[in-house]
Amino acid sequence: MTAILTTPFAQRNKLPAVTQKTISDRSVAGLGGETHLLVGRANSFRLGHSVLPAALIYISQDKAGALASSDYEGVIGTEILKRFKVIFDYSRRRLILERNDHFRETLEYDMSGMSLRALGDDFRTFKIYQVLGDSPAGKAGLRVGDIIERIDVQPASQLTLEQILQMMKVPGRAYQLTIKRNSETRLATITTRRLI
């Protein structure tokens, strides 16, 4: 996750802009339950003295809960924070961010068009939670509820959710997925592409 802007902040700043391409993302769950976000790209995202170009941002559409609060303007996620050495200076009540080697990496969104949840005692069962219609996953016929059993020849149970998510952020990669739908096993091929 990069940065989530609260509903009041988005409304005050007229976000998303009329010309801004967005994707509806209902795959994020928080303490208040499921949330509705629009994912888009900002021209830039300023954090102190640092500017991230073409930053991926999440814009809350929630009417209630934490992301509908006017107590704060947003949440900064790990995809942005990993680009800095983060120092908490408690005595002066400040946060210091020093750029690191990850700073210039492009912020990418999923390029498969499917959202996954990790289930089971070991979190190694991967269930499709959302499929975007005009996406590689949608065109391959994947459905909500499908379980991914293999990616190419590798059993999905040998991967972590984070590893799969990172695999799906590389453009132009073809993957053959073995999925379980009810009691049937099916094959589907997807080729990742930028959706936003």
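This one's a predicted model, so the numbers in the text were calculated from it and none came from an experiment.

Draft legend 1. Structural context of the sheet that holds strand β9 (residues 74-76). One open sheet accounts for five strands, arranged β2-β5-β8-β1-β9; its pairing is mixed. Sheet topology places β2 (22-25) and β9 at the edges, where each strand pairs with a single neighbour. The average angle at which neighbouring strand axes cross in this sheet is 25 degrees, direction not considered. Where strand β5 (residues 37-41) meets strand β8 (residues 56-60), five bridges bridge the pair, whose relative direction is antiparallel.

Draft legend 2. Region of the structure containing a nonpolar patch on the surface. A surface patch of nonpolar side chains, amounting to about 460 Å² of accessible area, comprises Val86, Phe88, Tyr90 and Leu95. Along the polypeptide, Tyr90 turns up in the loop between β10 (84-89) and β11 (94-99).

Draft legend 3. Representation of the pattern of salt bridges in the model. The tally for this structure, following the rule as stated, stands at 10 salt bridges. Note that Glu108 is salt-bridged to Arg194, the shortest N-O span being 2.6 Å. Taken together, the residues span a long stretch of sequence, with Glu108 in the loop between β11 and β12 (114-119) and Arg194 in the segment after β17 (184-191) at a distance of 86 residues. Judged by relative accessible area, Arg194 falls into the partly exposed class, the value being 48%. A salt bridge links Asp134 to Lys139; its shortest N-O distance comes to 3.3 Å. This pair shows no difference in class: Asp134 is exposed, exactly as Lys139 is. Connected through salt bridges with shared partners, the residues Arg41, Glu108 and Arg194 form a single ionic network.

Draft legend 4. The arrangement of the environment of Leu107 in detail. Summarising the element assignment, Leu107 is placed in the loop between β11 and β12. Relative accessible area serves as the criterion here: at 5%, Leu107 is assigned to the buried category. Not counting residues within four places of it along the chain, the set of residues in contact with Leu107 comprises Thr2, Arg41, Leu52, Ala55, Leu56, Glu79, Ile80 and Arg83.

Draft legend 5. Inspection of the pairing of β17 at higher detail. One ladder, built from eight bridges, connects strand β16 (residues 174-181) with β17; its direction is antiparallel. Residue pairing across strands places Leu177 opposite Ala188, the latter belonging to β17. Here β16 folds back onto β17 in antiparallel fashion, the turn holding two residues, of which Asn182 has a positive phi close to 55 degrees.

Draft legend 6. The arrangement of the environment of Thr2 in detail. Inspection of the secondary structure puts Thr2 in the segment before β1 (3-5). Classification of Thr2 as buried rests on a relative accessible area of 3%. The spacing of Thr2 and Ile190 is 188 residues in sequence and 25 Å in space, taken between C-alpha atoms. A polar contact of 2.6 Å, which involves the side chain of Thr2, links it to the backbone oxygen of Leu56.

Cut-offs and rules
Residues numbered from 1 in each chain as written. Predicted model: local features only at pLDDT ≥ 70, side-chain atom pairs only at ≥ 80, totals over all residues. Heavy atoms only, no water. Pairing = 2+ DSSP bridges. Helix = DSSP H or I, 4+ residues; strand = E, 2+ residues; numbered from the N terminus. Axes fitted to C-alpha atoms, helices over the stretch in contact; angles between N-to-C directions. Patch = residues over 30% accessible without salt bridge, like charges linked within 9 Å, V, L, I, M, F, W, Y side chains within 5 Å. Areas by Shrake-Rupley, 256 points an atom, 1.4 Å probe, with all protein chains shown as cover. Salt bridge = Lys/Arg side-chain N within 4 Å of Asp/Glu carboxyl O. Buried < 20%, exposed > 50% of the residue type's maximum accessible area, 1.4 Å probe, protein only. Contact = heavy atoms within 4.5 Å. Polar contact = N/O pair within 3.5 Å; in protein donor to acceptor, adjacent residues only side chain to side chain.

Treat this as a map of the structure, not an account of what it does.
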